[in-house]
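# Descriptive analysis of the structure
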Amino acid sequence: MSDMNEIKSLIEGVNTAFTALRSDVEAVKNRDVVDETKFDKMAAQVTGAMEKLQAIEAKAAALEAMIQRGDMGNGKADESKAHADLNDFARKEGKQSLEIRAMATDTGPKGGFLVMPELSATVVGRVFETSPLRLVANVEQTGAKSRTFLIDDDEGSAEWSGERAVATEDTPDVGQKEIVAHDITAKMNATADMLEDAYFDLAGWLQGKGADKIARSENTAFFTGTGVNKPRGLLTYSAWASAGVYERDKLEQVNSGAATTFTADGLIDAQAALKEDYQANAVWLMKRASFGAVLKLKGADNFYFGQTMLRDGNTAMQLLGKRVIFCDDMQAIGTGSNLIAAYGDFGRGYTILDRIGLQVLRDPFTADPYTVFRLRRRTGGDVTSFDAIKLVKASA
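Analysis parameters
- Residues numbered from 1 in each chain as written.
- Predicted model: local features only at pLDDT ≥ 70, side-chain atom pairs only at ≥ 80, totals over all residues.
- Heavy atoms only, no water.
- Helix = DSSP H or I, 4+ residues; strand = E, 2+ residues; numbered from the N terminus.
- Buried < 20%, exposed > 50% of the residue type's maximum accessible area, 1.4 Å probe, protein only.
- Areas by Shrake-Rupley, 256 points an atom, 1.4 Å probe, with all protein chains shown as cover.
- Core = buried A, V, L, I, M, F, W, Y, C linked by side-chain atoms within 4.5 Å.
- Contact = heavy atoms within 4.5 Å.
- Pairing = 2+ DSSP bridges.
- Phe/Tyr/Trp six-rings, centres within 6.5 Å; stacked < 30°, edge-to-face > 60°.
- Lys NZ or Arg CZ within 6 Å of the ring centre and 35° of its normal.
- pLDDT = per-residue confidence, 0-100.
- Arc of directions from axis to C-beta.
- Salt bridge = Lys/Arg side-chain N within 4 Å of Asp/Glu carboxyl O.
- Axes fitted to C-alpha atoms, helices over the stretch in contact; angles between N-to-C directions.

Moving on, we come to the overall build of the chain. Looking only at helices and strands, the chain features nine helices and 12 strands. Every one of the 396 residues in the chain was classed for burial, and the buried ones make up 33%. Just so you have it, the chain exposes about 25000 Å², and 52% of that area is on carbon and sulfur atoms.

Here we come to the nonpolar core. Core analysis: the largest hydrophobic core is formed by 23 residues, its most contacted members being Leu 133, Phe 223, Leu 234, Leu 285 and Phe 346. Secondary-structure elements contributing two or more residues to this core are α5 (202-224), β6 (283-286), β9 (339-344), β10 (350-363) and β12 (389-393). Excluding anything up to four places from it in sequence, Leu 234 contacts Leu 133, Phe 222, Phe 223, Leu 251, Phe 346, Tyr 350, Val 383 and Leu 391. Listed in part, the 21 residues of the second largest apolar core include Val 254, Leu 267, Ala 270 and Tyr 343.

Next up on the list: the pairing of β9. Across the six residues of β9, six count as buried, placing the element largely inside the fold. The sheet contact formed by β6 and β9 spans four bridges and is antiparallel. When the sheet's bridge partners are listed, Met 286 is paired in β9 with Ala 341. Where β9 meets β12, five bridges bridge the pair, whose relative direction is antiparallel. Across the sheet, Leu 339 pairs through a bridge with Lys 393, a residue of β12.

Okay, the packing of aromatic side chains next. All chains considered together, the criterion is met by seven aromatic pairs. Between Trp 240 and Tyr 246 the ring centres are 5.7 Å apart and the planes differ by 70°, which places this aromatic pair in the edge-to-face class. On the basis of relative accessible area, Trp 240 is assigned to the buried category, the value being 8%. Following the ring pairs from residue to residue traces out a cluster consisting of Tyr 199, Phe 200 and Trp 205. Here Arg 232 stacks its cationic end above the ring of Tyr 237, 3.8 Å away from the centre of that ring.

Let us look at the confidence of the model for the chain. With 69% of its residues at a pLDDT of 70 or more, the chain shows a mean pLDDT of 81. Of all helices and strands in the chain, the one with the weakest mean pLDDT is helix α1 (residues 2-28) (60), whereas β12 scores best (97).

Within the span of helix α6 (residues 264-273), buried status applies to Gly 266, Leu 267, Ala 270 and Gln 271. Seen from one end, α6 has its buried residues packed into an arc of 135°, which puts them on one side. Opposite the buried face of α6, by more than 90 degrees, sit the exposed residues Asp 265 and Ala 272.

This paragraph deals with the pattern of salt bridges. Counted by the stated rule, this structure contains 18 salt bridges. Of the charged contacts, one joins Asp 153 and Arg 248 as a salt bridge, the two residues approaching to 2.5 Å between their closest N and O atoms. Of this pair, Asp 153 sits in the loop between β2 (146-151) and β3 (175-180) while Arg 248 sits in the loop between α5 and β5 (252-255), placing them 95 residues apart in sequence. For Asp 153, a relative accessible area of 23% puts it in the partly exposed group. Among the residues examined, Arg 248 registers a relative accessible area of 35% and is labelled partly exposed. For Glu 252, the salt bridge identified is with Lys 390, shortest N-O distance 2.7 Å. On the criterion of sequence distance, the pair formed by Glu 252 in strand β5 and Lys 390 in strand β12 is long-range, its members being 138 residues apart.

Turning next to the sheet that holds strand β7 (residues 318-319). One open sheet holds the six strands; their spatial order is β5-β12-β9-β6-β8-β7, and the pairing between them is mixed. Either end of the sheet is taken by a strand with one partner, and the two such strands are β5 and β7. Sheet topology note: the β5/β12 ladder contains four bridges and is parallel. Opposite Gln 253, over in β12, you have Leu 391 as the bridge partner. Sitting on the sheet, α6 is in contact with β5, β6, β7, β8 (322-326), β9 and β12, with an inclination near 155° to β5.

Shown next as structure tokens:
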């Protein structure tokens, strides 16, 4: 750019004039007479150079202002010339003094290190569905390894007889059921540095995760456990051979009325199969999706059967006037043995036995350098009344 060359030459001229002026001033100190003509000439040269320099600076400032405003003149020629001048300056005169660097947040060294994320104190966790049978079951505490329950499910005999007739002797049988408290544990570990440096309570978080998994595991066992080193689940019992004919160690299964879904008649049959003495505290257990299928039932008149199953003004789910508890461990429609719902008085029908509550052991020595969190609980469970629970099976 010619202007920049001119600026350089002017600056060099000014420097030369000032150098000469400085020498003369030093010389004046040793003379009595100053050459006024020479000084006037030098002052005129300096003044002229400064005026030209200021004019060029004003021109450069005006050019920069037009670029920032996006106003490059009245025509394309002016705009092209301005861009060419700026490009020439950046490539030639300005290459020694002008350095341009592009910064971005997606690369650490180029600016990403300067942008720090904000960490929330809220830990957003996943919700796991479970089966809260403890809400309605009989829960007992024990100080021993197991507890034995007497099963009084036989009846005595009575008969009408004449004055001299001898009554028939018939002594009722008594059974028993032993429920053992089994161990269930959860183990997690973390280094000491991690426990110390985590920005939230890592130890409490680990303990909470372990306790939640233990609770969900025992809830599953109350439905599907085999009874070997775990509770015996209510869905693992065989069905009565004949409808309405009691059998110990078996549960009655009532058909839903269809092979792949519920029917209104099947639900009414299941409720009616339970004896009146158990009806006061009876509830329904089923999957959330299964209850949705129930609510879709409607008759030939296109009125939903679900409208008669929900009690107005009551926030709890109701089915035929009884509470519904969502239990994810009940079988889904079309899976397993199709035991898709249960109805009964579970406070009398199923017993949960707790030996000890949740224990938490923090061990920093055994697995050094890790600190091991060991959570342990002892519990058991089994059906204690085979007459108080009815299972609904998807079957015609």
